[in-house]
Amino acid sequence: LALQIMDDHTIIVTSESMRQSAMVLRIYAIPPNTNINDENLIATIREQIAPNSWFYRGGNGRVLVEKNSRILIVLQEPGVQREVGNYLGDFSGE
């Protein structure tokens, strides 16, 4: 078995062979000081973070914004999820 710690609240338990390719659904609050619109946020994430892993380029990853609650919903592999979290975290430091 392989363990992967995603954050303070999430641990993934899987086989070593499936560890890197397992899809994980995560929900992120979009930081209030994010000064780009939803469509540009999605486009930037898909272009800058593992571009070939997203559905529109033949991968399995998906991303969308729920406009009413301003949350980002991402279905992606764990390593890509970490990069998305880091990207959104960068807005907090502005």
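Details of the structure are given in the entry above.
The structure contained in this document is the topic of the report that follows. All of these numbers come straight from a predicted model, not from anything done at the bench. (Residues numbered from 1 in each chain as written. Predicted model: local features only at pLDDT ≥ 70, side-chain atom pairs only at ≥ 80, totals over all residues. Heavy atoms only, no water.)

Further remarks concern the environment of Tyr 28. Along the polypeptide, Tyr 28 turns up in strand β3 (residues 24–29). Owing to a relative accessible area of 8%, Tyr 28 belongs among the buried residues under this scheme. C-alpha of Tyr 28 to C-alpha of Gly 85: the two residues are 57 residues apart in sequence and 7.6 Å apart in space. Once residues within four sequence positions are removed from consideration, Tyr 28 is found in contact with Arg 70, Ile 71, Leu 72, Val 74, Gln 81, Val 84, Gly 85 and Leu 88. Only 2.6 Å separates the side chain of Tyr 28 from the side chain of Gln 81, close enough to count as a polar contact. (Helix = DSSP H or I, 4+ residues; strand = E, 2+ residues; numbered from the N terminus. Buried < 20%, exposed > 50% of the residue type's maximum accessible area, 1.4 Å probe, protein only. Contact = heavy atoms within 4.5 Å. Polar contact = N/O pair within 3.5 Å; in protein donor to acceptor, adjacent residues only side chain to side chain.)

Attention now goes to the pattern of salt bridges. Close approach of charged atoms lets side chains of opposite charge pair. Tallying each qualifying case throughout the model produces three salt bridges. The salt bridge partner of Asp 38 is Arg 70, with a shortest N-O separation of 2.1 Å. Remark: Arg 70 occurs in the loop between β4 (62–66) and β5 (71–76) and Asp 38 occurs in helix α2 (residues 38–48); sequence separation between them is 32 residues. Exposure remark for Arg 70: the relative accessible area of 30% places this residue in the partly exposed category. With a closest N to O distance of 3.1 Å, Lys 67 and Glu 39 form a salt bridge. With a gap of 28 residues between them, Lys 67 in the loop between β4 and β5 and Glu 39 in helix α2 connect regions that are remote in the sequence. Taken together, the shared-partner salt bridges in this structure form one network comprising Asp 38, Glu 39, Lys 67 and Arg 70. (Salt bridge = Lys/Arg side-chain N within 4 Å of Asp/Glu carboxyl O.)

This next bit is on the pairing of β3. The alternating pattern of β3 places Val 24, Arg 26 and Tyr 28 on a buried face, while none of Leu 25, Ile 27 and Ala 29, on the opposite face, is buried. In this structure, β3 lies alongside β5, joined through six bridges in antiparallel fashion. Each bridged residue has a counterpart across the sheet, and for Tyr 28 the counterpart in β5 is Leu 72. (Pairing = 2+ DSSP bridges.)

Bringing the packing of α2 against helix α3 (residues 78–92) into the picture now. The interhelical angle for the contact between α2 and α3, taken along N-to-C directions, is 130 degrees, at an axis separation of 11 Å. On the basis of the axis angle, α2 is oblique to α3. Like other packed secondary-structure pairs, α2 and α3 cross with a definite hand, here right-handed. From α2, Leu 41, Thr 44, Ile 45 and Gln 48 reach across to α3, where they touch Val 84, Tyr 87 and Leu 88. Residues of the contact of α2 with α3, tallied by class, amount to five nonpolar, two polar and no charged. (Axes fitted to C-alpha atoms, helices over the stretch in contact; angles between N-to-C directions. Parallel < 35°, antiparallel > 145°, perpendicular 65-115°, else oblique. Left-handed = near helix turned anticlockwise from the far one by under 90°. Nonpolar A, V, L, I, M, F, W, Y, C, P; charged D, E, K, R; others polar.)

A surface patch of nonpolar side chains, about 620 Å² in accessible area, is lined by Leu 1, Leu 3, Ile 5, Ile 11 and Val 13. For the nonpolar patch, the secondary-structure elements that each account for two or more residues are β1 (2–7) and β2 (10–14). Here Leu 3 is to be found in strand β1. Judged by its relative accessible area of 60%, Leu 3 falls in the exposed class. (Patch = residues over 30% accessible without salt bridge, like charges linked within 9 Å, V, L, I, M, F, W, Y side chains within 5 Å. Areas by Shrake-Rupley, 256 points an atom, 1.4 Å probe, with all protein chains shown as cover.)

By themselves, these figures tell us nothing about what the structure is for.
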